[in-house]
Amino acid sequence: MSATGIPVTVFEETWCAQRADGTAAVLAIGTANPANYVPQDEFADWYFRVTKSQHLTELQAKTKRICEKSGIEKRHFHHIEETIADHPEITDRAVPSLGSRLRLAADAVPELAAAAARKAIAEWGRPATDITHLVLSTSSSAGSPGADLRLAALLGLDPSVQRTTLYLHGCSAGAAALRVAKDVAENNRGARVLVACADVFLAAFRAPEDKAADLGPLVARKLWGDGAGAVIVGAVVDDDTAAETSPRAAGVESPIFHMVSASQATVPGTERAVGVEHGESGLDVNMSAELPRVVRTGAARPRRRRRRRLERPLLGGAPRRPRDPGRYEAALGLKPGTLASSRHVLREHGNMLGATIFFVLDDIRRRGGGGDEEEGGDDCEWGVLLGLGPGVAIEIMVLRAAASRD
């Protein structure tokens, strides 16, 4: 008997009744990019032309070299040359432009997120009104009510949907949103969580400065692209029966990846290594020279903690820079090519901040589990999802590929 006079069993029964029986799983994946894109080998000329900075010949040449070494073929952008011309304050560092950027992002972010979400919902096979929770993550907008409410309206979600928004998590935004969705799905019986992450480069787009101190942000601006990813997350018991009965053909939910565990850790002493904040001239991103060390030491943590499960890893990382997949592989002691999906996504789209991880997961499932780039995957079962963001925060999620996959 408890202090309230109510038998403990009542609390236990209530607690159990509210929680799901199984582990959270990714049930569907959708991705989207704006139609407009710029080939990477043309970006330097395009960028210096639209920002009226062609007089900075040395910096333009340096930008071309960065683009050539980036390993990226093209990047998609919501904004076009006319958008920038209509808003000259965006490229003029002397004029405050945060308000203009946020107003443009107020439409662009939810619309891009909706494009990815519609694909995920269509694959899921259930009505959008069956979604009980919405988790939206972005570093491109701010405000309340914000992009989450607009996204719910665009998708026709039920007014009772429970909304959560994560702002300014940078490259770890997608992994952080998945961690939140896992907790929601497993602690609310019958919950179906729509996770969406969208970012537009316009938030940080500005003219270059003719000084060496601007090289760090300049490198980031030569890698970023616009994109959105979305998944449906729900708790399921197992997929053995589903694998035998071809559930997709029957219109029944079919897990893609089981979300076995999720955690976040902050690397001590790295508070200034990565920073993301909205300033008068838009989104400011600061990256220090110690990031490579953080990647090497931080990414090795899941190897020490989950060595057995990483023997044949289905591993997805959200790459910040072209060399990051190789650094992850070296830190984890993996064979070259294990992060083929991360390399592929970076090559095709650039760094889309938090949305990148959804593209990586989608590519992994299409390859049949990741693996060697030339072989197109080796049908791995266990893996680890990694995301590095401001803090420096490391998001770690252990995944298990479902038995029934298309």
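Starting from 1, residues in each chain are numbered consecutively following that chain's sequence as written. Per-residue local features are limited, in this predicted model, to residues with pLDDT of at least 70; the limit for side-chain atom pairs, both in listing and counting, is 80 or more; totals at the level of whole chains, interfaces and linings are taken over all residues. Hydrogens and water molecules were not included; the side-chain quantities draw on all heavy atoms of the structure.

The name recorded for the protein chain in an unreviewed UniProt entry is Chalcone/stilbene synthase N-terminal domain-containing protein, from Eragrostis curvula.

1. Regarding the overall build of the protein chain
Summing up its helical and strand segments, the protein chain has 15 helices and 13 strands in all. Remark: exposure states derive from per-residue accessible area (1.4 Å probe, protein chains only) relative to the maximum for the residue type, with buried under 20%, exposed over 50%, and partly exposed in between. Relative to its full complement of 406 residues, the protein chain shows a buried share of 55%. Here, two residues are considered to be in contact whenever any of their heavy atoms come within 4.5 Å of each other. For the protein chain, the proportion of contacts with a sequence separation of at least 24, taken over those separated by at least 6, is 79%. Summing over all exposed atoms, the protein chain offers an accessible surface of approximately 17000 Å²; the carbon and sulfur share of this is 50%. Only DSSP runs of H or I covering at least 4 residues are called helices, and only runs of E covering at least 2 are called strands; the numbering of each starts at the N terminus. All accessibility values rest on the Shrake-Rupley procedure with a 1.4 Å probe; residue burial counts only the protein chains present in the view.

2. Here's the deal with the environment of Leu 386
In this fold, Leu 386 is placed in strand S12 (residues 382-389). Separated by 10 residues in sequence, Leu 386 and Ile 396 have C-alpha atoms that sit 5.0 Å apart.

3. A closer look at the UniProt feature "active site" (unreviewed entry) in the protein chain
UniProt positions are given in the numbering used here, feature names are shortened, and annotations may be inferred rather than shown by experiment. In the UniProt entry, the feature "active site" (unreviewed entry) is given for Cys 171. Turning to its location among the elements, Cys 171 is positioned in the loop between strand S5 (162-167) and helix H7 (173-187). Taking relative accessible area as the criterion, Cys 171 reaches 6% and is therefore assigned buried.

4. A short note on the nonpolar core
Here the nonpolar core consists of buried residues drawn from Ala, Val, Leu, Ile, Met, Phe, Trp, Tyr and Cys, with membership extended through side-chain atoms lying within 4.5 Å. With 34 residues, the main nonpolar core has Leu 178, Val 195, Val 233 and Phe 257 as its most contacted residues. For this core, the element with the highest residue contribution is H7, accounting for eight residues. With sequence-adjacent residues up to four places away left out, Val 233 is seen in contact with Ala 24, Ala 25, Leu 27, Ala 181, Ala 185, Ala 191, Arg 192, Val 193, Val 195 and Met 259. Core analysis: the next-biggest nonpolar cluster, separate from the first, contains 33 residues, Ala 28, Trp 124, Leu 155 and Val 200 among them.

5. A short note on empty space enclosed by the protein
Only protein atoms enter the 1 Å grid used here, on which a cavity is any set of points holding a 1.4 Å probe that cannot leave and a pocket is any open set flanked by protein within 12 Å on both sides along at least five of seven lines; residues with an atom within 4 Å of a point are listed as lining. Grid points are joined across faces, edges and corners, and a volume is the space filled by probe spheres set on the points. Tallying each qualifying case throughout the model produces three cavities of 30 Å³ or more. In this structure, the second largest cavity spans a volume of roughly 60 Å³. The wall of the second largest cavity is formed by Ser 140, Asp 199, Val 200, Phe 201, Ala 203, Ala 204, Trp 224, Gly 225, Asp 226, Leu 283, Asn 351 and Leu 353. Under the scheme applied, nonpolar residues are Ala, Val, Leu, Ile, Met, Phe, Trp, Tyr, Cys and Pro; charged residues are Asp, Glu, Lys and Arg; polar residues are all the others, including Gly. Grouping the amino acids of the lining of the second largest cavity by side-chain chemistry returns seven nonpolar, three polar and two charged.

6. Description of the environment of Ile 121
Along the polypeptide, Ile 121 turns up in helix H5 (residues 98-124). On the basis of relative accessibility, which here comes to 12%, the residue Ile 121 falls in the buried class. In the structure, Ile 121 is positioned 109 residues away from Ala 230 in sequence and 9.0 Å away in space, judged by C-alpha atoms.

7. Details of the pattern of salt bridges
For this analysis, a salt bridge means a side-chain nitrogen from Lys or Arg found within 4 Å of a carboxyl oxygen belonging to Asp or Glu. Taken as a whole, this structure holds 16 salt bridges when the rule is applied. When the shortest N-O distance is used, the salt bridge between Glu 395 and Arg 179 registers 2.8 Å. Residue Glu 395 is found in strand S13 (residues 393-401), and its partner Arg 179 is found in helix H7; the two are separated by 216 residues along the sequence. Between Glu 186 and Lys 182 there is a salt bridge, and its shortest N-O distance comes to 2.6 Å. Of this pair, Glu 186 and Lys 182 both sit in helix H7, four residues apart, which is roughly one turn of the helix. Relative accessible area serves as the criterion here: at 6%, Lys 182 is assigned to the buried category.

8. With respect to the side chain of Thr 138
Residue placement: Thr 138 occurs in strand S4 (residues 133-138). Classification of Thr 138 as buried rests on a relative accessible area of 0%. Definition of a polar contact: a pair of N or O atoms within 3.5 Å, with one able to donate and the other able to accept a hydrogen when the atoms are protein atoms, and with sequence-neighbouring residues admitted only if both atoms are side-chain atoms. Within the structure, Thr 138 has its side chain in polar contact with the side chain of Asp 199 (distance 3.2 Å). Apart from the residues lying within four places of it in its own chain, the contact partners of Thr 138 are Val 109, Leu 166, Tyr 167, Leu 168, Ala 198 and Asp 199.

9. Description of the side chain of Lys 222
Position of Lys 222 among the secondary structure elements: in the loop between helix H8 (215-221) and strand S7 (227-236). Its relative accessible area of 0% is what places Lys 222 among the buried residues. With sequence-adjacent residues up to four places away left out, Lys 222 is seen in contact with Gln 40, Phe 43, Tyr 47, Thr 63, Ile 66, Cys 67, Ile 72 and Arg 75.

10. Quick look at the packing of aromatic side chains
Each pair of aromatic rings is reported with the distance of its centres and the angle of its planes. Centres within 6.5 Å are what make two rings of Phe, Tyr or Trp a pair, Trp counting through its six-membered ring; a difference in plane orientation under 30 degrees is then read as stacked, over 60 as edge-to-face, and the rest as tilted. The final tally for this structure, using the stated rule, is 10 aromatic pairs. Their ring planes at 90° and their centres at 5.2 Å tell us that Tyr 47 and Phe 48 sit as a pair that is edge-to-face. Tyr 47 sits in the buried class, given a relative accessible area of 0%. Note that Arg 75 overlies the ring of Phe 43, its terminal NZ or CZ placed 4.2 Å from the centroid. Over the aromatic face of Tyr 47 sits the side chain of Lys 222, whose NZ or CZ is 3.9 Å from the ring centroid. To sit over a ring, a charge needs its Lys NZ or Arg CZ within 6 Å of the ring centre and within 35 degrees of the ring normal.

11. A word on the packing of helix H2 (residues 40-50) against helix H3 (residues 57-69)
One can describe the packing of H2 onto H3 by two numbers: an axis separation of 8 Å at closest approach and a directional angle of 155°. With respect to each other, H2 and H3 are oriented roughly antiparallel. Pair H2 / H3 crosses with right-handed handedness. Residues Gln 40, Phe 43, Ala 44, Asp 45 and Phe 48 of H2 touch H3, and the partners they reach there are Leu 59, Gln 60, Thr 63, Lys 64 and Cys 67. Only C-alpha atoms enter the line fits that serve as axes; for helices the fit covers just the stretch in contact. Angles between N-to-C directions range over 0 to 180 degrees. Roughly parallel means an angle under 35 degrees; roughly antiparallel, over 145; roughly perpendicular, 65 to 115; everything else is oblique. Helix crossings get a hand from a simple test, with the near helix turned counterclockwise from the far one by less than a right angle marking a left-handed crossing and a clockwise turn marking a right-handed one.

12. Observations regarding unusual backbone geometry
Look at the link from Ser 144 to Pro 145: it is a cis peptide, with omega at -5°. By the element assignment, Pro 145 lies in the loop between S4 and helix H6 (147-155). Even without being a glycine, Leu 168 presents a positive backbone phi close to 60°. Looking at the element boundaries, Leu 168 is found in the loop between S5 and H7.

13. Quick word on the pairing of S4
With respect to burial, S4 is a largely interior element, six of its six residues being buried. Every second residue of S4 is oriented toward a common face, with His 133, Val 135 and Ser 137 on one face and Leu 134, Leu 136 and Thr 138 on the other, all of them buried. Orient the strands so they point away from the viewer; a crossover is then right-handed if the path from the first strand over the helix to the second runs clockwise. For the crossover from S4 across H6 to S5, the handedness is right-handed. Pairing between two strands is assigned when DSSP locates at least 2 bridges connecting them. Direction of pairing for S4 relative to strand S6 (residues 192-199): parallel, over a ladder of five bridges. Note that in S6 the partner of His 133 across the bridge is Val 193.

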